[in-house]
Amino acid sequence: DVSILYLSCGKQDSQKIFGRYSAFGTAGMLTGCLIFTLFLSTNYSAAAFGTVISYCLAFLLSFFVTDVRDTEPKEDKPSLRRLLDVCKITLGDKRFLLFILADALLAYGTWAVSVMLNQGKYISLGLTEQHIGIIGLAFSGLTLTAAWSALLTQKMGFKRFFVLMVGMASVNALVMGITGSAMLAIFCGAMVDLAYGLVQPLISDLYSKRVTVSDRATQLSVYAMITEGFSFGLSFLMSLIAGKSMLAPFLFASALCASGIILFLVCYRNVKEV
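Here is what the cut-offs are and how they apply
- Residues numbered from 1 in each chain as written.
- Predicted model: local features only at pLDDT ≥ 70, side-chain atom pairs only at ≥ 80, totals over all residues.
- Heavy atoms only, no water.
- Helix = DSSP H or I, 4+ residues; strand = E, 2+ residues; numbered from the N terminus.
- Rg over C-alpha atoms; globule rule 2.2 N^0.38 Å.
- Buried < 20%, exposed > 50% of the residue type's maximum accessible area, 1.4 Å probe, protein only.
- Lys, Arg positive; Asp, Glu negative; His and termini not counted.
- Charge placed at Lys NZ, Arg CZ, Asp CG, Glu CD.
- Axes fitted to C-alpha atoms, helices over the stretch in contact; angles between N-to-C directions.
- Parallel < 35°, antiparallel > 145°, perpendicular 65-115°, else oblique.
- Left-handed = near helix turned anticlockwise from the far one by under 90°.
- Nonpolar A, V, L, I, M, F, W, Y, C, P; charged D, E, K, R; others polar.

Visitor: Would you take a moment to explain the overall build of the chain for this structure?
Guide: For the chain, the count of helices and strands is 11 helices and 0 strands. Reading the chain from its N end, one meets helices and strands in the order α-α-α-α-α-α-α-α-α-α-α. Scaling as 2.2 N^0.38, a compact globule of 274 residues should have a C-alpha radius of gyration of about 19 Å, and the chain matches this with 20 Å. Principal axes of the C-alpha set define a box for the chain whose edges measure 60 × 50 × 40 Å. Counting every position in the chain, which comprises 274 residues, the buried fraction comes to 38%. Taking the 21 positively charged and 16 negatively charged side chains of the chain as two groups, their mean positions are separated by 8 Å.

This is the structure we're talking about:
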């Protein structure tokens, strides 16, 4: 999907398109949740049928998507050979590997706070499961702000914007772990979700602009595989840290985001614009 979107628009508009794509995806999810809550919550057969209808509509709409291809012809090699060549090129780009690691640190750190750690924190501060459900639904709407990502990046510059958003996630993860106030913990959780939602279109844009081969989707997939590999190792570390105390995982998540800033700045230290 990222490859199709990037090739379907001008290079200068790609981040704007990624932001809109993320916002529309969130809007669709929230619409589905609202329809289920208001009309289908007591009728699981109707909910299942509604899911079938939505998937069929998506299937039919896919026939109207224009098939876009990169202008560079692909090399006439077997698929496995091309994949290995793309992996070799990707791993040889040592500086950009720092950015991939930065993305993995940021993605895992914000995910840990927003999905794994926040519920235990809220319960420890006296909130109920019903409260947590309402908070989760409200926070989902924050991803709609991804549509503003390109505008903010244009005004601030991509490096300053990245550092500000990731720094905001790091600080709020730390404060969330320390605070004894339920309202402050909710605010910090919202800021973490907001920061990642805003910076995600920029990350997708930086990945897309780094692709150097005609197999664009393959190289983007390799980037994702490397990120997931890093995340697997971080999950193992988090499992060791989580048993120490309630604060320790938040400190770890905050440190991951802060480390992501350092790696990002090293990767793009001599780059003024992308």
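Visitor: Is there a simple way to explain the packing of helix 5 (residues 94-124) against helix 11 (residues 247-267) in this structure?
Guide: Axes are the key here: two packed helices are described by the angle between their axes and the distance separating the axes. At a minimum axis separation of 8 Å, helix 5 and helix 11 run at an interaxial angle of 160 degrees. In terms of their interaxial angle, helix 5 and helix 11 are classed as roughly antiparallel. Between helix 5 and helix 11 lies a crossing whose hand is left-handed. Of the residues assigned to the contact of helix 5 with helix 11, the class counts are 19 nonpolar, 4 polar and 2 charged.

Read these as layout, nothing more, since geometry by itself doesn't imply function.
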